[in-house]
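Each chain, letter by letter, is given below.
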Amino acid sequence: MSFAQRLRSLIGEESISGFARRVDLSEALIRKYLNGSEPSLQKANQIAVKANCSLEWLATGCGYLYRQAEVVDKEALAAAWEHVAGLPFEGVRAEELIKVLAGYQFLRSHKKTDGFLDIQAMATFLSVARQREPV
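Okay, so let's go over this structure. (Residues numbered from 1 in each chain as written. Predicted model: local features only at pLDDT ≥ 70, side-chain atom pairs only at ≥ 80, totals over all residues. Heavy atoms only, no water.)

### A few points about unusual backbone geometry
Applicable threshold: In DSSP terms, a helix is any run of H or I states spanning at least four residues, a strand is any run of E spanning at least two, and both are numbered starting from the N terminus.
Residues other than glycine seldom take positive phi values, yet Asp-24 does so here, at roughly 60 degrees. As for its position among the elements, Asp-24 is in the loop between helix H2 (16-22) and helix H3 (27-34).

As C-alpha cells, then:
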C-alpha cells in the first residue's frame with residue numbers, strides 16, 4: 001500500500017477539504033499527496049499528529065493505524081470505577097463509558113487554540129478506532 005493509499009484510508013468518508021483543515025494543511029497539498037507525491041517527514045508527522053494516526057503506519061504501513069493515546073485501558077478503568085463507584089464494571093454502560101473516555105481524550109488532545117472542538121473528527125475516530133482489550 002502506498003502513502004497515497006494510506007492517506008486515502010485515513011481520510012475515509014471525510015471530505016478532502018475537511019481533512020485538510022483538520023490537519024492544518026492546504027487542500028491542494030493533500031490532493032498532491034493523494035496523487036502520489038511524498039511528504040517531507042515534518043509534513044507526514046503533522047498529518048499523523050493532527051489525524052491521531054501513527055507516523056509509522058502512515059509512512060510505512062506497519063504498526064497501528066491509530067496512536068494509542070485514545071485507547072482506553074479497560075482493566076485500569078474497571079479498577080477505578082469499582083473503587084470510586086463501589087459497583088461492578090460490566091455491561092452496556094461500561095462500553096458507553098469507554099467510548100465517552102476515548103472521545104474525551106481525542107477532543108482534549110485535538111483541541112484548537114481557538115477552543116474549537118471537532119465533534120465530527122471525534123465521531124470519525126470513534127467509528128474506526130478499535131479498543132484494546134485488557135491483558
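### Quick look at the environment of Ser-17
Using the following cut-off: Here the term buried applies to any residue with accessible area under 20% of the maximum for its type, exposed to any over 50%, and partly exposed to those in between, with areas from a 1.4 Å probe on protein chains only.
When you line up the elements, Ser-17 lands in helix H2. Accessibility expressed as a relative area gives 24% for Ser-17, which makes it partly exposed. For the pair Ser-17 and Glu-27, spaced 10 residues apart in sequence, the C-alpha separation works out to 5.3 Å.

### Regarding the nonpolar core
So the rule is basically this: Residue types Ala, Val, Leu, Ile, Met, Phe, Trp, Tyr and Cys, when buried and joined through side-chain atoms within 4.5 Å, form a set referred to as a nonpolar core.
Core analysis: the biggest nonpolar cluster contains 18 residues, and Leu-7, Leu-10, Phe-19, Ile-30, Ile-47, Cys-53 and Leu-58 have the highest contact counts within it. Counting residues per element, the ones that place at least two in this core are helix H1 (3-11), H2, H3, helix H4 (41-50) and helix H5 (55-60). Among the elements that line this core, the one with the most residues is H1, at 4 residues. By size, the runner-up hydrophobic cluster in this structure holds 12 residues, among which are Leu-77, Phe-106, Ala-121 and Met-122.

### So, the packing of aromatic side chains
The condition is simple: In summary, the pairing rule links any two rings of Phe, Tyr or Trp, Trp by its six-membered ring, whose centres are within 6.5 Å, and it sorts them by plane angle into stacked for under 30 degrees, edge-to-face for over 60 and tilted for everything else.
Counted under the stated rule, the structure contains 2 aromatic pairs. When the centroid spacing of 6.1 Å and the interplanar angle of 90 degrees are considered together, the rings of Phe-3 and Tyr-33 count as edge-to-face. In this pair, Phe-3 sits in helix H1 while Tyr-33 sits in helix H3, placing the two residues 30 residues apart along the sequence. The same class applies to Phe-3 as to Tyr-33, namely buried.

### Details of H4
Cut-off, in case you're wondering: Picture the helix axis, draw a direction to every C-beta atom, and the arc is the one those directions span. Whether two residues are in contact is decided by their heavy atoms: any pair within 4.5 Å suffices.
All of the buried residues in H4 are Ala-44, Ile-47 and Ala-48. End-on view of H4: buried residues confined to an arc of 100 degrees, all on one side of the axis. Those residues of H4 that are buried are in contact with H1, H2, H3 and H5. At the exit of H4 stands Asn-52, carrying a positive phi of roughly 60 degrees.

All we've got here are geometric facts, nothing functional implied.
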